[in-house]
Amino acid sequence: MEAISKKFFLHLSSSSVLDRLAKKWGPKFGANKIVGGETFEEAVPLIQDLNSQGLHITVDHLGEFVSSEKEARQRAQECIQTIQMISSHQLTSQVSVKLTSLGLDIRHDVVWENMIAIMDEAQKHDVVVTIDMEDSTRTEKTLEIYKSLKERYDNIGTVIQSYLYRSSEDLDDLSSYDPYLRLVKGAYKEPGKVAFVEKSDVDENLKHLIEKNLLNGHYTAIASHDDAMIEFTKAFAVENNIPTDQFEFQMLYGMRNDTQMALLKEGYKVRVYLPYGDDWYGYFMRRLAERPANVSFAIKGLFKK
Ligand SMILES: Cc1cc2nc3c(=O)[nH]c(=O)nc-3n(C[C@H](O)[C@H](O)[C@H](O)COP(=O)(O)OP(=O)(O)OC[C@H]3O[C@@H](n4cnc5c(N)ncnc54)[C@H](O)[C@@H]3O)c2cc1C
């Protein structure tokens with residue numbers, strides 16, 4: 001049942017027709033519990049509130065279906081404005097970006113120029129930018145762009161997914177760049193030729209990646225709602241004298257709020273990934289695919305005014 005529901009929501013997540021309809025609806029059907037608002041301005045008071053509780057943030061302007069160069073440049077401009085507002089409101093927030101929304105599938109020079117414009121602004125305001133990792137057809141291109149940008153900018157990170165067979169080698173390859181990495185299990189539907197099929201293999205590989213990146217001395221964000229991964233990281237850090245300022249836990253906004261607060265109280269750094277924007281549809285569908293329990297609040301949302 002869980003596997004069927006996962007396939008169903010992942011299939012829905014890639015529908016651009018439903019995506020267009022969703023823009024008209026606005027974040028309803030429970031999406032507003034996991035999305036910060038339709039604009040960054042709407043999200044500012046929420047970020048201030050989360051910051052006041054001690055939570056760090058990374059904001060993500062939702063948008064995956066970009067079909068023209070003009071749209072991609074517009075996305076970059078919006079991202080630049082977000083960076084300026086983070087600075088002017090003195091928010092404790094990073095920015096997460098998806099290269100497809102900045103023109104990755106259009107042309108290399110489009111996404112490159114957009115990232116340079118974003119990184120110049122982020123460097124000016126001392127804001128860290130993390131490149132989210134998308135599906136495996138884009139992994140190589142994303143890592144190449146990350147490495148080229150890391151040669152120019154310090155304030156940039158990216159994501160490694162433990163479901164991909166290649167990820168351990170990617171960590172080795174990235175090590176000389178002193179990378180800022182977020183380690184995740186992976187959210188896309190991937191074929192068995194590139195990714196582990198068994199969940200237990202994905203989990204074991206995440207533990208392996210956490211160990212490797214921490215022992216390599218690199219700052220590591222462990223982005224998981226899974227208690228097993230959180231407890232593993234805590235114990236591994238203690239056993240190996242890894243200082244608590246070498247890693248942080250990251251969770252999505254609206255997920256496991258109690259766990260976020262408990263980790264804060266224990267003295268760990270916790271960052272909340274807060275998506276905003278009218279392009280919330282694909283993001284919402286992937287969260288439903290991951291956790292069928294999320295469907296219940298979506299259904300409740302359907303009946304709420
Ligand atoms: C901050 C952040 C950034 C991310 N960035 C990316 C990215 O760039 N690219 C990408 O592909 N993926 C990204 N992801 C998604 C990630 O790859 C996983 O798909 C997602 O986090 C689900 O895996 P999990 O480790 O949280 O736990 P799962 O394997 O989904 O769940 C394991 C266990 O954790 C517990 N659990 C999980 N969710 C909940 C919940 N909501 N409430 C209570 N218990 C729960 C349950 O016990 C569950 O059995 C990101 C995730 C986070 C948190």
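Keep in mind that what you see is a predicted model, and the values were worked out from it rather than measured. (Residues numbered from 1 in each chain as written. Predicted model: local features only at pLDDT ≥ 70, side-chain atom pairs only at ≥ 80, totals over all residues. Heavy atoms only, no water.)

Chemist: Help me understand the pattern of salt bridges, please; the structure alone is not making it clear to me.
Modeler: Two side chains of opposite charge can pair, provided their charged atoms sit close to one another. Across all of its chains, the model carries 24 salt bridges by this definition. In this structure, R138 and D105 form a salt bridge, with 2.4 Å as the shortest nitrogen-oxygen distance. Of the two residues, R138 sits in the loop between strand 3 (129–131) and helix 6 (139–152) while D105 sits in the loop between strand 2 (93–97) and helix 5 (108–125), which places them 33 residues apart along the sequence. Residue D105 is classed as partly exposed on the basis of its relative accessible area, which comes to 44%. In this structure, K150 engages D154 in a salt bridge whose closest nitrogen and oxygen atoms are separated by 3.2 Å. (Salt bridge = Lys/Arg side-chain N within 4 Å of Asp/Glu carboxyl O. Helix = DSSP H or I, 4+ residues; strand = E, 2+ residues; numbered from the N terminus. Buried < 20%, exposed > 50% of the residue type's maximum accessible area, 1.4 Å probe, protein only.)

Chemist: Looking at this model, I keep getting lost on the UniProt feature "binding site: FAD" (unreviewed entry) in the protein chain. Mind explaining?
Modeler: Residues annotated in UniProt with the feature "binding site: FAD" (unreviewed entry) correspond here to M133, Q161, K185, G186, A187, K199, S224 and H225. With respect to the secondary-structure elements, A187 resides in the loop between strand 5 (180–184) and helix 8 (199–215). Take A187: its relative accessible area is 19%, and that puts it in the buried class. Sequence-distant contacts of A187, defined by excluding residues within four places in its chain, comprise L10, Y163, R286, R287 and E290. Here S224 is to be found in the loop between strand 6 (220–223) and helix 9 (227–239). Residue S224 is classed as buried on the basis of its relative accessible area, which comes to 5%. From its side chain, S224 meets the backbone nitrogen of D226 in a polar contact 3.0 Å long. (UniProt positions renumbered as here; feature names shortened; annotations may be inferred. Contact = heavy atoms within 4.5 Å. Polar contact = N/O pair within 3.5 Å; in protein donor to acceptor, adjacent residues only side chain to side chain.)

Chemist: What's the story with the nonpolar core in this structure? I'm lost.
Modeler: Where a protein is soluble and globular, its nonpolar side chains tend to be buried together. Counting 67 residues, the largest nonpolar core has F40, V59, V95, M115, I118 and L149 as its most contacted members. Top contributing element to this core by residue count: helix 5, with 7 residues. In this structure, V59 is in contact with F40, I47, T82, I86, S93, Q94, V95, S96, L274 and Y276, ignoring residues within four places of it in sequence. By size, the runner-up hydrophobic cluster in this structure holds 13 residues, among which are V35, L252, Y283 and L288. (Core = buried A, V, L, I, M, F, W, Y, C linked by side-chain atoms within 4.5 Å.)

Chemist: Explanation requested: the packing of aromatic side chains in the structure shown.
Modeler: Two measures describe an aromatic ring pair: the distance that separates the ring centres and the angle between the ring planes. Taken as a whole, this structure holds 7 aromatic pairs when the rule is applied. Geometrically, the ring pair formed by Y165 and F196 is edge-to-face, given 4.9 Å between the ring centres and 90 degrees between the ring planes. Within this pair, whereas Y165 is found in the loop between strand 4 (156–161) and helix 7 (167–174), its partner F196 is found in the loop between strand 5 and helix 8, the two being separated by 31 residues in sequence. By relative accessible area, which is 42% here, Y165 ends up partly exposed. By the ring-pair criterion, three or more aromatic residues cluster together here, those being F247, F249 and Y268. (Phe/Tyr/Trp six-rings, centres within 6.5 Å; stacked < 30°, edge-to-face > 60°.)

Chemist: I would appreciate a short explanation of unusual backbone geometry in the present structure.
Modeler: It is generally the case that most residues other than glycine have a negative phi and that most peptide bonds are trans. Phi at D178 is positive, roughly 45 degrees, even though this residue is not glycine. Counting through the fold element by element, D178 comes out in the loop between helix 7 and strand 5. Of note in the backbone geometry, R256 takes a positive phi value of approximately 55 degrees without being a glycine. Residue position: R256 is located in the loop between strand 7 (247–252) and helix 10 (257–265). On the basis of relative accessibility, which here comes to 33%, the residue R256 falls in the partly exposed class.

Chemist: Please explain the packing of helix 6 against helix 7 as it appears in this structure.
Modeler: When two helices pack together, you describe them by how their axes are tilted relative to each other and by the distance separating the axes. One can describe the packing of helix 6 onto helix 7 by two numbers: an axis separation of 12 Å at closest approach and a directional angle of 15 degrees. Taken together, helix 6 and helix 7 sit at an angle that is classed as roughly parallel. The element helix 6 and its partner helix 7 pack so that their crossing is right-handed. Between helix 6 and helix 7, the contacting residues are T139, L143, Y146 and K147 on the first element and D170, D173 and L174 on the second. Of the residues that constitute the contact of helix 6 with helix 7, the class distribution is 3 nonpolar, 1 polar and 3 charged. (Axes fitted to C-alpha atoms, helices over the stretch in contact; angles between N-to-C directions. Parallel < 35°, antiparallel > 145°, perpendicular 65-115°, else oblique. Left-handed = near helix turned anticlockwise from the far one by under 90°. Nonpolar A, V, L, I, M, F, W, Y, C, P; charged D, E, K, R; others polar.)

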